[in-house]
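Structural overview for review
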Amino acid sequence: MGRLEGKVALITGGAGGQGSEEGRLFIAEGAAGVVLADVADATGITTAAATPRTSYVHLDVTSEEEWDAAVEATIERFGRLDILVNNAGVDLERALVDMTLDEWNRVVAVNQTGVFLGMRAAARAMIRLGNGGSIINISSVAGLEGLKLHSAYGATKWALRGLTKTAAQEWGKFAVRVNTVHPGIIDTPFIAELKSATDPETRAKFERGIPLKRYGTAADVAGIVAFLASDEAGYCTGQEYLVDGGIHR
């Protein structure tokens, strides 16, 4: 019997990377159903089809209407909603003085407003259904310290900490827990175009600076997310969990 037996999860950014790995682990841990949400429809449909008890929905996280539809589709398909993982996000490598307002607004819309909309939609459903739940917001080590050339990304990841802690205070009485996970450098398509992934010398330099001497994997992150989604973390809310190989110290 898995630790997520009978639970139903909605995971954004679920077509690949960390999101798809979380979905597979949730099913392996006994989840009754997983809905993967993304804008990469072809990949998302294929990913969902390869895993039992898994569905896919199109979701632009910046859309209030699409969030409401995704939550209701999850409940209609599986009868409940116990877990939301806000995994979708975008990054922008740009010097602060060179960043345009449109670029800034795009990152904020996905990484911050999108999470707010998802938290609100999921919590409304969880409160209505009366079963409690767990909301896990994927932040970053960039939400704990400054990261040069990633000011918009860092600002949104810092913002998730405050949003999470406030929601944990408001929703505790409904048994809805809210926590953040802060990955370090995780070897997924999200970093595929960064020099730290494409240049072997740069990657080796970065790895030397990590106490565990390697980049993280999607499975490393999925493990802590599954813990927070489970009843094993039933007394954990409003907290921050690092998965970074020891970078932040």
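Here, every reference points to the structure presented above.
Residues numbered from 1 in each chain as written. Predicted model: local features only at pLDDT ≥ 70, side-chain atom pairs only at ≥ 80, totals over all residues. Heavy atoms only, no water.

A closer look at the overall build of the protein chain
As a reminder, the rule being used: Going along the chain from the N terminus, every DSSP run of H or I of four or more residues is numbered as a helix, and every run of E of two or more is numbered as a strand. Within these notes, the globule rule equals 2.2 Å times the number of residues to the 0.38 power, and the radius of gyration is based on C-alpha atoms. When accessible area is computed with a 1.4 Å probe and restricted to protein chains, residues below 20% of their type maximum are described as buried, those above 50% as exposed, and intermediate ones as partly exposed. Contacts were defined at the residue level, with two residues in contact if any of their heavy atoms lie within 4.5 Å. Calculation of accessible area relied on Shrake-Rupley with a 1.4 Å probe; when residues are assessed, cover is drawn exclusively from the protein chains displayed.
Along the protein chain, the regular secondary structure elements total eight helices and seven strands. Computed over C-alpha atoms, the radius of gyration of the protein chain comes to 17 Å, within 12% of the 18 Å expected from 2.2 N^0.38 for 249 residues, which places it in the range of a compact globule. Here the C-alpha coordinates of the protein chain stretch approximately 50 × 40 × 35 Å along the principal axes. Split into buried and exposed, the 249 residues of the protein chain put 50% on the buried side. In the protein chain, 69% of the contacts between residues at least 6 apart in sequence involve partners at least 24 apart. Accessible surface, the protein chain as shown: approximately 11,400 Å² in total, 54% of it carbon and sulfur.

Brief notes about the pattern of salt bridges
Defined as follows: When a carboxyl oxygen of Asp or Glu lies within 4 Å of a side-chain nitrogen of Lys or Arg, that pair is called a salt bridge.
Enumeration according to the criterion identifies eleven salt bridges in this entry. Across the pair Glu 232 and Arg 3 runs a salt bridge, and its minimum N-O distance is 3.5 Å. In this pair, Glu 232 sits in the loop between helix 8 (218-229) and strand 7 (240-243) while Arg 3 sits in the segment before strand 1 (8-12), placing the two residues 229 residues apart along the sequence. Residue classification places Glu 232 among the exposed residues on the basis of a relative accessible area of 53%. A residue is classified by how much of its surface remains accessible, and Arg 3, at 27% relative accessible area, is partly exposed. With a closest N to O distance of 3.8 Å, Glu 240 and Lys 165 form a salt bridge. Remark: Lys 165 occurs in helix 5 (residues 151-171) and Glu 240 occurs in strand 7; sequence separation between them is 75 residues. Note on Lys 165: relative accessible area 35%, which makes it partly exposed. Within the structure, one salt-bridge network assembled from shared partners comprises Arg 3, Glu 29 and Glu 232.

Considerations on the nonpolar core
What counts here: In this description, a nonpolar core means a group of buried Ala, Val, Leu, Ile, Met, Phe, Trp, Tyr and Cys residues linked to one another through side-chain atoms lying within 4.5 Å.
Within the largest apolar cluster, 31 residues are counted, with the highest numbers of intra-cluster contacts made by Leu 10, Trp 67, Val 71, Ile 135 and Trp 171. Of all elements in the fold, only strand 1, strand 2 (33-38), helix 3 (64-78), helix 4 (101-129), helix 5 and strand 6 (176-183) reach the threshold of two or more residues within this core. The leading source of residues in this core is helix 4, at nine residues. Residues within four places of Ile 135 in sequence aside, it is in contact with Leu 84, Asn 86, Met 119, Ala 122, Ala 123, Met 126, Trp 171, Val 176, Arg 177, Val 178 and Asn 179. Ala 9, Ile 11, Tyr 56 and Ala 229 belong to the second-largest nonpolar core, a separate cluster that totals 25 residues.

Description of helix 2 (residues 41-49)
Structural remark: α-helix, 3.6 residues per turn; residues separated by three or four positions point the same way. Rules: This arc is built from the directions going out from the helix axis to the C-beta atoms.
Regarding helix 2, the residues found buried are Gly 44, Thr 47 and Ala 48. For helix 2, the angular spread of buried residues about the axis comes to 95°, placing them on one side. Across from the buried face of helix 2, at angles greater than 90 degrees, the exposed residues are Ala 42, Thr 46 and Ala 49. Summarising the contacts, the buried residues of helix 2 are in contact with helix 1 (17-28), strand 2 and strand 3 (54-58).

Quick word on the packing of helix 4 against helix 5
Formally: Every axis in this analysis is a line fitted to C-alpha atoms, fitted for helices over the stretch in contact. Angles between the N-to-C directions lie between 0 and 180 degrees. Oblique is the label for every angle not falling under 35 degrees (roughly parallel), over 145 degrees (roughly antiparallel), or within 65 to 115 degrees (roughly perpendicular). Should the near helix be turned anticlockwise from the far one by less than a right angle, the crossing is left-handed, and should it be turned clockwise, the crossing is right-handed. Residues were grouped as follows: Ala, Val, Leu, Ile, Met, Phe, Trp, Tyr, Cys and Pro as nonpolar; Asp, Glu, Lys and Arg as charged; and all remaining residues, including Gly, as polar.
Contact pair helix 4 / helix 5: the axes reach a minimum separation of 9 Å and the direction vectors enclose 15°. In this view, helix 4 runs roughly parallel relative to helix 5, as classed from their interaxial angle. In this structure, the crossing between helix 4 and helix 5 has a hand that is right-handed. Residues Trp 104, Val 107, Val 108, Asn 111, Gln 112, Val 115, Phe 116, Met 119, Arg 120, Ala 123 and Ile 127 of helix 4 form the contact with helix 5, whose own contacting residues are Ser 151, Ala 152, Tyr 153, Ala 155, Thr 156, Lys 157, Ala 159, Leu 160, Leu 163, Thr 164, Ala 167 and Trp 171. Split into classes, the residues belonging to the contact of helix 4 with helix 5 amount to 16 nonpolar, five polar and two charged.

Focus on the packing of aromatic side chains
As a reminder of what qualifies: Pairing of aromatic rings covers Phe, Tyr and Trp, the last counted by its six-membered ring, and requires centre-to-centre distances within 6.5 Å; plane angles under 30 degrees mean stacked, over 60 mean edge-to-face, and any other angle means tilted. Distance and angle both matter: a charge sits over a ring if NZ of Lys or CZ of Arg is within 6 Å of the ring centre and within 35 degrees of the ring normal.
The full count for this structure, using the stated rule, is zero aromatic pairs. Sitting over the face of the ring of Trp 158, Arg 161 holds its NZ or CZ atom 5.0 Å from the ring centroid.

Structural notes on the sheet that holds strand 1
Quick reminder of the rule: Two strands pair if DSSP finds at least two bridges between them.
Strand order in this open sheet of seven strands is 3-2-1-4-5-6-7, and the pairing throughout is parallel. Each having just a single partner strand, strand 3 and strand 7 make up the two edges of the open sheet. The sheet shows a mean angle of 20° between the axes of neighbouring strands, taken without regard to direction. For strand 2 and strand 3, the ladder comprises five bridges, and the chain directions are parallel. Paired with Ala 37 across the bridge in strand 3 is Val 57. The strands touched by helix 2 are strand 2 and strand 3; relative to strand 3, the strand with the most contacts, the crossing angle is about 165°.

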